[in-house]
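Tertiary structure, described
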Amino acid sequence: MMEVDVIRTENLTKKFGNFIAANELTFNVKKGEIFGFLGANGAGKTTAMRMLCGLLEPSSGKGMVAGYDIYTQRDDIKKNIGYMSQKFSLYDDLTVRENIRFYGGIYGLSRKEIAAKTAELLTELQLEKEAKVLVSQLPLGWKQKLAFSIAIVHDPQIVFLDEPTGGVDPVTRRQFWDLIYHASARGVTIFVTTHYMDEAEYCNRVSIMVDGVIAALDSPANLKLKYGANNMDEVFYQLARNATRGE
Amino acid sequence: MRILYYLLEKEFLQILRNKSILRMLIIAPIIQLILMPLAADFSVKNISIAVVDHDHSTVSRQLIKKITASGHFKLTGYKDSYLDGLSMVENDKADLLIEIPIGFERNLVRENSQKLFITINAIEGTKANLGGGYLQNIIRDYNSELRMKWIPPNSGPNRGQVISIASTNWYNPYMNYHLFIVPGILVSLLTAMSSMQAAFNIVQEKEQGTIEQINVTPIKKYIFILGKLLPFLVLSVIVFTLGLIVSKVFYNIWPVGNFGILYVSLIIYLFAMLGMGLLISTYSETQQQAMSLSFFFTMIFNMMSGMFTSLDSMPNWAKIVANLFPPSHFIKIMRMVVMKGSDYSDISSHLFWMFGIGLFLTTWAVLNYRKTIN
């Protein structure tokens, strides 16, 4: 795999009044990587992610996503990324098939592509029987898997996942990560925030944010070595226990 | 354009699937249109009247008969003393009290003049005013009847000169109050449904978080806005058409004027009102906020757009304010086209105003609608 950066930031900062939500973030994410973005509640993860997706205007610093500038080329970025927010973002009052069709449609897929994608997704998620069921009637785990699949319905270069497995049972979490690996194997770069440290172990590299700054960034193995920890839990605890922010 | 198609498809699917929205949009306005004009009728009937007759003469009895025969009044008491009659007013059993003095007939014949006393309960202003007015008319009529009867036919030029006024009511010959109020109520229902529902719909996506998912797609802001507003334009046109049918069926009101003019005006009006809905949605994070804002404006619109009362009787500055409300113009247009059959040249200034306000509101809303937060 070629070592190309699909995300690159330099001193990226977001201030809300006097509050510095994200302070001079500098990092890069390589193509095809599964990049874990960890941090306690209120550490600034979601803020950073929203800046990269073009949902939030940065206060200062530079950033490139999928080869486009986060200030001036937001629409180009949006064509090349997928996003799954913390809040569940499918339409509850539409069926599984209608949701796929809608998001495929607004990403500009052709009728044929939509039909092919729909069949593919329904098979992959084993939702063929539920195609005509309203999304509101699906269990949470299924919804999350569906939301992920729809977030990459247009084959983006990068997909941003904001705590995608919150509130989901361990078995479904495991299945969810299978989907992530599957997408990663097709060359989609994964940028994921999570609270679950076992999930951090699945990532190629992780960054840990504390109070708006990146406190550590390396592969899980290197981080454990560096902090003399047995698992990511301990690494996280060592870094985050001094955090002053929280909910 | 294909993207717009998918947006519209999704909106219609959601609206058609949501039974409560459909009920709100279609059935509620029709019921309101059937019921509300009955209450908003300013021609006064059933005024309770109490009579204190001290005279008990032919003339006094004839007068009472004439009053009750007019259809506006119903006799609720026939008392012997003024105090008894007044207690009826105090207990809300009578709106009007008429006292016929002793010797009424005799004095009328002998001295050619007599006084009547009317006591009016003025708590309900309109009723009292109109009631008093009706009563005076009846008495005046009766008065001239009497004079005609008693003055000998050949008594020369002095034979009680009377100027009689013959008035014709143009465009509403029978002064049918429904003809005035039904088009106005139809506009107010349309106002509530178009701008409020559009605002709620957009804010609902904010509440559910789906708007964020839309905002990370490359979809153009104006296409998203069109996708949101067009369904409500279509629904409003349907409600308006149903409203016209209800007006015909229940009140036998059918526009005298051209339907093309009516619908062109309707579209311009909806352009302004949907612009307002969009603007409200950009300032609201929750449906509750949108509800409060819409409610504030709809209340003002209902009271200040000339639906019930004439705008011309307001002070000048208030007239200028009312001119800035799209419903004021559309209600005018509706009445002109429905009752008079007015043409484009008659309503052009109103169309111009509505379009201008619409352009202003929509531009403001579009500028304020952001896919990216600062």
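The notes below deal with the structure included here.

Conventions adopted
- Residues numbered from 1 in each chain as written.
- Chains lettered and ligands numbered in written order.
- Predicted model: local features only at pLDDT ≥ 70, side-chain atom pairs only at ≥ 80, totals over all residues.
- Heavy atoms only, no water.
- Helix = DSSP H or I, 4+ residues; strand = E, 2+ residues; numbered from the N terminus.
- Expected span 1.5 Å × (residues − 1).
- Buried < 20%, exposed > 50% of the residue type's maximum accessible area, 1.4 Å probe, protein only.
- Arc of directions from axis to C-beta.
- Contact = heavy atoms within 4.5 Å.
- Pairing = 2+ DSSP bridges.
- Right-handed = clockwise from strand over helix to strand, strands pointing away.
- Axes fitted to C-alpha atoms, helices over the stretch in contact; angles between N-to-C directions.
- Parallel < 35°, antiparallel > 145°, perpendicular 65-115°, else oblique.
- Buried area = accessible area lost by both parts, 1.4 Å probe.
- Salt bridge = Lys/Arg side-chain N within 4 Å of Asp/Glu carboxyl O.
- Polar contact = N/O pair within 3.5 Å; in protein donor to acceptor, adjacent residues only side chain to side chain.

Some words on helix H11 (residues 287–304) of chain B
All names here are of chain B. Look at H11: 25 Å from first C-alpha to last across 18 residues, which is about the 26 Å you get at 1.5 Å a residue. Those residues of H11 lying buried are Ala290, Ser294, Thr298 and Phe301. Each buried residue of H11 sits inside an arc of 60° when the element is viewed along its axis, so together they form one side. Residues of H11 that are exposed and point over 90 degrees away from its buried face: Gln288, Phe295 and Met303. On the buried face of H11, the contacting elements are helix H7 (177–208), helix H10 (259–282) and helix H13 (326–340). Downstream of H11 by one or two residues, Gly306 has phi in the positive range, about 80°.

Structural notes on the pairing of strand E1 (residues 47–53) of chain B
Residue and element names in this part refer to chain B. Of all seven residues in E1, seven are buried, a share of seventy percent or more. Side chains Ile47, Ile49, Val51 and Asp53 of E1 all project onto a buried face; the interleaved residues Ser48, Ala50 and Val52 project onto the opposite face, where all are buried too. Two strands pair when backbone bridges link them, and E1 and strand E2 (residues 73–79) are joined in this way by six bridges, in the parallel orientation. Paired with Ile49 across the bridge in E2 is Leu75. Read as a crossover between parallel neighbours, the route from E1 over helix H3 (residues 58–69) to E2 is right-handed. Pairing of E1 with strand E3 (residues 96–100), which is carried by five bridges, proceeds in the parallel orientation. In the strand pairing of E3, Ile49 is matched with Leu96.

A short note on the packing of helix H1 (residues 2–17) of chain B against helix H2 (residues 19–39) of chain B
When two helices pack together, their arrangement is given by the angle between the helix axes and the distance between those axes. All names here are of chain B. Where H1 contacts H2, the axes come no closer than 5 Å and their chain directions differ by 85°. Here H2 runs roughly perpendicular to H1, going by the angle between their axes. Taking contact as the criterion, the partners of Ile15, Leu16 and Arg17 in H1 are, on H2, Lys19, Ile21, Leu22 and Leu25.

Regarding the interface of chain A and chain B
Counting from both sides, the interface comprises 35 residues of chain A and, opposite them, 29 residues of chain B. Regarding the contact of chain A and chain B, the summed buried area is about 2,900 Å², with carbon and sulfur atoms giving 54% of it. Of all residues in chain A, the largest losses of buried area upon contact with chain B belong to Leu55, Tyr91 and Ile106 of chain A, amounting jointly to 21% of the total for that side. Between chain A and chain B we count four salt bridges in total. Between Arg101 of chain A and Glu9 of chain B there is a salt bridge, with its nearest N and O atoms 2.7 Å apart. Linking chain A to chain B there are twelve residue pairs in polar contact (both at pLDDT 80 or more).

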